[in-house]
Amino acid sequence: MSESGIDHYLKAAERSARWHEEYRKEMKKCRFDTIAVHGIYSMQEALDFNQGSIIEPIYMSTSQGYRDSDEMEAALSYRIPTWCYARIANPSIYYLEGVLALLEGYGADVETSCIVTSSGMSAIQTAVDPFLLPDPNQPQRPINFVATAQVYGGTFQQFAVRKEKERGIIWRKVVNYYDISEWERQIDENTRFLYGELPSNPVQTFFDLQAVINLAHKNGIPMIVDSTVATPALLRPITLGADIVVQSVSKTLGTSGFGIAGAVTSRKNLVSNVDNPEMKADFAIYAKTLPNRDNGPNISPINAILALNDIRTLRSRVDNQSRATLTVAQYLSQHRHIEQVDYLGLQSHPLHGVASSYLWLVDAEHDEQYGKPVNRYGHLLSFRVKGGAQAARAVFDTFKRIWRATDLGRIKSVATIPAISTHAQQGDESRKIADIPPNLIRLCVGAEHPDDIINDLDQALAILDGHKTTCTAPEFSAGGASSATLRR
Ligand SMILES: Cc1ncc(COP(=O)(O)O)c(C=O)c1O
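Every chain is numbered on its own, with residues counted from 1 as its sequence reads. Reporting in this predicted model follows two pLDDT cut-offs: at least 70 for local features of residues, and 80 or more for side-chain atom pairs to be given and counted; totals over whole chains, interfaces and linings ignore these cut-offs and use all residues. In computing side-chain properties, one takes all heavy atoms of the structure into account and sets aside hydrogens as well as water.

Concerning the sheet that holds strand 11 (residues 414-416)
For two strands to pair, DSSP has to find at least two bridges joining them. Counting from the N terminus, the helices are DSSP H or I runs at least four residues long and the strands are E runs at least two residues long. In space, the 5 strands of this open sheet follow the order 8-9-12-11-10, with mixed pairing throughout. Single-partner strands in this sheet number two, and they are strand 8 (338-342) and strand 10 (403-404). One ladder, built from 3 bridges, connects strand 11 with strand 12 (residues 440-444); its direction is antiparallel. Bridging from a neighbouring strand, T416 pairs with R442 of strand 12. Helix-sheet contacts for helix 14 (residues 314-333) involve strand 8, strand 9 (380-385) and strand 12, and the interaxial angle to strand 9 is about 10°. In what follows, residue pairs with any heavy atoms lying within 4.5 Å of each other are defined as contacts. Helix axes use the C-alpha atoms of the stretch in contact, all axes being lines fitted to C-alpha atoms, and the angles between their N-to-C directions lie in the range 0 to 180 degrees.

In structure tokens, the structure reads:
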């Protein structure tokens, strides 16, 4: 091995790292839309290395070749920027990670990094597992984490089955998520993190995020937020002090629906009671170069670029779809066959006030259309049909324009009945706690004109005129932290 050979690569890497750092800083000064459009892909990189391609290239290659053994050694010991092998990294994947890190940290003087994964579920696993290792001094001591009971069904299964049942890690559920003292009561010296999904899928629970972040830090543990429904266009938890943000990129970020993807973005130097300095210093990079290298939940480069392409228009899309969703929610809330509409944008929603203090359309004050801050609430709503499960199914089966699918965040309107789909596996009792009755339909309003979605809902709900419904599926009155409880 020639030391001078390695040195040559280390020096070149230093220069390149400095250049990229400067470029990142320059991009960080741009507005949200500019970052979303350009990300970290520079004109210089295009001209010098990518034949001038103005769009980020898809590097469909499993591995990177090296000039000689010196470069290979420096690369594989992570001493120079490298991507090695597409299970670990890849240039196309970096473009997506770079833009998400900037967008999640937008508007704050905070350093962020990001790792993208094969799915939202693998992003959740990537985000939580490094905190769930046994204490080496007391391996028998049971550990726990504190998380909202109202989470996406897949998250519920990962927490309740993969962590709790299979590994004995206790999930302490926060049922009354708006009650900070309930969060506080669940924490002890064996708690590894606080976790919240907000707004939650499907019933739109929301809580005072800042207060929960403060609570986490008071106890020396990180706050992890699943912000899939809000996206960085409406909420950037890291800028409020949260440590890690999870996104199912498959959803609103990757709205075209071409592929499944996830992302974990973290602040540098996060708070944790786990003794792992490398992890705390740069969580996303640690996850990328160590646990995920070994576990392999990587994303395909083509999926990364497809998602990146959708992210370019995130802000205006979320704005338009949020406005359309509010119009649809207002229509539904007046409808004779509707029992309840859950949409945080409705003033009648019990959590409208707290949600309004957090959900702001990014850069509205710099937008000539608005010129001032404006609230937006996203494009997910849910509604409960009078007459129970059978009535809800009858309406659902009559949609002509709205797709029946277990999906959300699409450019096309999509609906599902969570009790028989996304949240089926968790069982009646858990659905009761999470307030997901069988007559609840989740609707994600797409980019169509809202009049056409309302027309579709109108003709579907008309099926209940004169329709006598018999409830064969179990009905329950909402309990726990249900919105019904809050409404009282
Ligand atoms: C809030 C939330 N988080 C995570 C996920 C999981 O994402 P994925 O389907 O990309 O694995 C979903 C999926 O619907 C979700 O709604």
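As for the domain arrangement of the chain
Assigned domains within the chain: domain 1 (89-308) and domain 2 (314-487). Each domain's extent is set by a domain assignment, obtained either automatically or from a database. Averaged C-alpha coordinates put domain 1 and domain 2 at centres separated by 25 Å. Listed by partner, the interface residues are 43 residues for domain 1 and 46 residues for domain 2. Put simply, buried area is the surface a 1.4 Å probe can reach on two separate parts but cannot reach once they are joined, added for both. Surface buried jointly by domain 1 and domain 2 totals about 3400 Å² across both partners, of which 65% is contributed by carbon and sulfur atoms. By salt bridge we mean one thing: a side-chain nitrogen of Lys or Arg within 4 Å of a carboxyl oxygen of Asp or Glu. Where domain 1 packs against domain 2, one counts 0 salt bridges. Any N or O atom pair separated by 3.5 Å or less is treated as a polar contact, with the protein-specific requirement of one donor-capable and one acceptor-capable atom, and with residues adjacent in sequence counted only for side-chain atom pairs. Seen at the junction of domain 1 and domain 2, the total is 22 residue pairs in polar contact (both at pLDDT 80 or more). Within the residue set of the side of domain 1 that touches domain 2, elements represented by two or more residues are helix 7 (153-167) and helix 9 (209-218). When residues of the side of domain 1 that touches domain 2 are assigned to their parent elements, the largest contribution, 4 residues, is made by helix 7.

Observations regarding the pattern of salt bridges
All chains considered together, the criterion is met by 23 salt bridges. In this structure, D282 engages K268 in a salt bridge whose closest nitrogen and oxygen atoms are separated by 3.9 Å. One end of the pair, D282, is in the loop between helix 10 (277-281) and helix 11 (283-289); the other, K268, is in the loop between strand 7 (262-267) and helix 10, and 14 residues separate them in sequence. Think of it in three bands: with a 1.4 Å probe and only protein chains considered, a residue is buried below 20% of the maximum accessible area for its type, exposed above 50%, and partly exposed in between. A relative accessible area of 17% means that D282 is categorised as buried.

Some points on the side chain of T416
Here T416 shows up in strand 11. Side chain to side chain, T416 and S421 meet in a polar contact 2.7 Å long. The residues contacting T416, other than those within four sequence positions of it, are F396, A405, T406, S421, L440, I441 and R442.

Thoughts on the pairing of strand 12
The buried fraction of strand 12 amounts to 5 of the 5 residues, a majority that puts the element mostly inside the structure. Of the two faces of strand 12, the one lined by L440, R442 and C444 and the one lined by I441 and L443 are each fully buried. As defined by bridge partners, strand 9 adjoins strand 12 across 5 bridges and the pair is classed as antiparallel. In the strand pairing of strand 12, L380 is matched with C444.

Side note on the site of the ligand
The nearness test applies per residue and asks whether one of its heavy atoms lies within 4 Å of the molecule or strand. Taken together, 15 residues lie around the ligand, and G120, D226, S248, S250 and K251 are the ones closest in. M121 places a polar main-chain atom, nitrogen or oxygen, 2.9 Å from an oxygen atom of the ligand. Take S248: an N or O atom from its side chain is 2.8 Å from an oxygen atom of the ligand. Here the ligand loses 93% of its free accessible area of 390 Å² to cover by the protein chains. Looking at the shell around the ligand, the element that brings in the most residues is helix 6 (residues 120-128), giving 3 residues. Gly counts as polar in this scheme, as do all residues outside two lists: the nonpolar Ala, Val, Leu, Ile, Met, Phe, Trp, Tyr, Cys and Pro, and the charged Asp, Glu, Lys and Arg. Considering only residue class, the shell around the ligand consists of 6 nonpolar, 6 polar and 3 charged. Methods summary: accessible areas were calculated by the Shrake-Rupley approach with a probe of 1.4 Å, and residue burial reflects only the protein chains presented.

So, the confidence of the model for the chain
pLDDT is a residue-level measure of predictor confidence that goes from 0 to 100. On average, residues of the chain score 93 in pLDDT, and 95% of them reach the 70 mark or higher. Per-residue pLDDT stays below 50 along residues 469-485; that stretch engages in 43 contacts with residues further than four places along the chain or on separate chains.

A few points about the environment of N90
For N90, the location among the structural elements is in the loop between helix 4 (69-76) and helix 5 (91-104). Accessibility expressed as a relative area gives 0% for N90, which makes it buried. Once the C-alpha coordinates of N90 and P301 are considered, the two residues, 211 residues apart in sequence, prove to be 7.0 Å apart. Other than its neighbours up to four places away in sequence, N90 contacts Y59, S61, W83 and P301. Within the structure, N90 has its side chain in polar contact with the backbone oxygen of Y59 (distance 3.0 Å).

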